[in-house]
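Fold and geometry: a report
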Amino acid sequence: MEGIMTISEIVGANKKLYLSPSLLACNFANLQADLAKAEAEADMYHFDVMDGLFVPNISFGFPLMEAVRSVSKKPLDMHLMIEAPERYFERFKQAGADSITFHLEAVKHPDQALRSLHNLGLGAAVALNPGTPVCIVKDILPLCDMVLIMSVNPGYGGQKFIDYSLDKIKELKAVIRERKLRCLIEVDGGVKLHNAKALLEAGADVLVAGTEVFHHADPASCLRQFRALGE
Ligand code: DX5
Ligand code: ZN
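Residues numbered from 1 in each chain as written. Chains lettered and ligands numbered in written order. Predicted model: local features only at pLDDT ≥ 70, side-chain atom pairs only at ≥ 80, totals over all residues. Heavy atoms only, no water.

Per an unreviewed UniProt entry, the chain is named Ribulose-phosphate 3-epimerase, and its organism is Amygdalobacter nucleatus. Quoted verbatim from the Sequence similarities (unreviewed entry) field of UniProt, the annotation for the chain is "Belongs to the ribulose-phosphate 3-epimerase family." Here the chain is described in UniProt, under the heading Catalytic activity (unreviewed entry), as follows: "D-ribulose 5-phosphate = D-xylulose 5-phosphate". (UniProt positions renumbered as here; feature names shortened; annotations may be inferred.)

Given below as structure tokens:
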């Protein structure tokens with residue numbers, strides 16, 4: 001589709017805050033209507049793919065993604081909660097992915113997986129479960145466009161934010177600053193208007209929010225309120 005901004009164009013805009021609404025909280029019987037409510041304010045969309053193995057839940061895959069791609073001009077960031085995600089990188093690219101976030105816990109060769117995403121021309125990111133320490137990404141950090149700090153155990157929307165995630169964001173931000181790396185910190189799970197300010201102060205760059213945005217009476221206004229917190 002013409003006119004779609006790439007992740008690197010979006011990130012190159014060097015914003016203080018990127019908003020990535022999670023489609024998992026949408027009404028799938030009327031997805032296009034929900035997308036239309038968020039489209040003007042979202043920087044990208046967060047697309048949760050679950051395989052029933054890496055996480056207990058099963059969500060959605062290529063057909064839904066292609067449907068979203070056909071009606072939205074925003075970059076699509078795939079959050080792959082699946083085992084051996086590298087099997088599907090190319091297929092996700094064909095279906096319209098702009099960036100792929102895979103779980104470090106789900107791959108044997110994260111360095112290789114990040115390099116193959118770069119070779120495909122996709123944004124490359126790793127996600128860490130709440131129980132996975134930040135220090136584990138130290139060596140691969142220069143290969144990451146983003147690191148996703150999971151602030152709930154992945155698998156379901158609508159869970160409570162795990163408080164120690166704030167310390168993980170601070171710890172990662174200090175390393176990124178010290179080494180002058182260009183790597184965004186994304187946070188996902190239990191992100192709400194009431195905790196967004198603390199997340200931004202800790203060093204988060206990309207906020208993923210599902211329930212807060214799509215269960216809001218006015219998703220666009222909710223996203224504008226998030227945006228105002230980053231000003
Ligand atoms: C959870 C998913 C999240 C989820 C967040 O496994 O990765 O992206 O949609 O939902 P909320 O914002 O409702 O916590
Ligand atoms: Zn997610």
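Here we look at the sheet that holds strand 8 (residues 206–209)
Across the sheet, eight strands lie side by side as 1-8-7-6-5-4-3-2; this open sheet has parallel pairing. Strands at the two margins of the open sheet, each flanked by one partner only, are strand 1 (18–21) and strand 2 (45–50). Going from strand to strand, the sheet's axes swing by 25° on average, the running direction of each strand aside. Two strands pair when backbone bridges link them, and strand 7 (residues 184–188) and strand 8 are joined in this way by three bridges, in the parallel orientation. Considered in strand 8, the bridge of Val187 is made with Leu207. Against the sheet, helix 3 (residues 62–71) engages strand 2 and strand 3 (76–81), with an angle of about 165° to strand 3. (Pairing = 2+ DSSP bridges. Helix = DSSP H or I, 4+ residues; strand = E, 2+ residues; numbered from the N terminus. Axes fitted to C-alpha atoms, helices over the stretch in contact; angles between N-to-C directions. Contact = heavy atoms within 4.5 Å.)

Observations concerning the site of ligand 1
The local shell around ligand 1 holds 19 residues, among which Ser22, Asp48, Gly155, Asp188 and Thr211 are the closest. Contacts to ligand 1 include Gly155, whose backbone N or O atom sits 2.8 Å from an oxygen atom. A distance of 2.3 Å separates an oxygen atom of ligand 1 from a polar atom in the side chain of Thr211. Out of a free accessible area of 380 Å², ligand 1 has 99% covered by protein chains. Breaking the shell around ligand 1 down by element, the ones donating at least two residues are strand 2 and strand 3. If you tally residues by element for the shell around ligand 1, the top one is strand 2, at three residues. Tallied by class, the residues present in the shell around ligand 1 amount to seven nonpolar, 10 polar and two charged. (Near = heavy atom within 4 Å. Polar contact = N/O pair within 3.5 Å; in protein donor to acceptor, adjacent residues only side chain to side chain. Areas by Shrake-Rupley, 256 points an atom, 1.4 Å probe, with all protein chains shown as cover. Nonpolar A, V, L, I, M, F, W, Y, C, P; charged D, E, K, R; others polar.)

Structural notes on the packing of aromatic side chains
With the rule as written, the count across this model stands at five aromatic pairs. Centre to centre, the rings of Phe62 and Tyr88 are 6.2 Å apart; their planes meet at 50°, and the pair counts as tilted. Of the two residues, Phe62 is situated in helix 3 and Tyr88 in the loop between strand 3 and helix 4 (89–94); the sequence distance between them amounts to 26 residues. Owing to a relative accessible area of 30%, Tyr88 belongs among the partly exposed residues under this scheme. For Arg91, the ring lying beneath its charged end belongs to Phe62, and the centroid distance is 4.0 Å. (Phe/Tyr/Trp six-rings, centres within 6.5 Å; stacked < 30°, edge-to-face > 60°. Buried < 20%, exposed > 50% of the residue type's maximum accessible area, 1.4 Å probe, protein only. Lys NZ or Arg CZ within 6 Å of the ring centre and 35° of its normal.)

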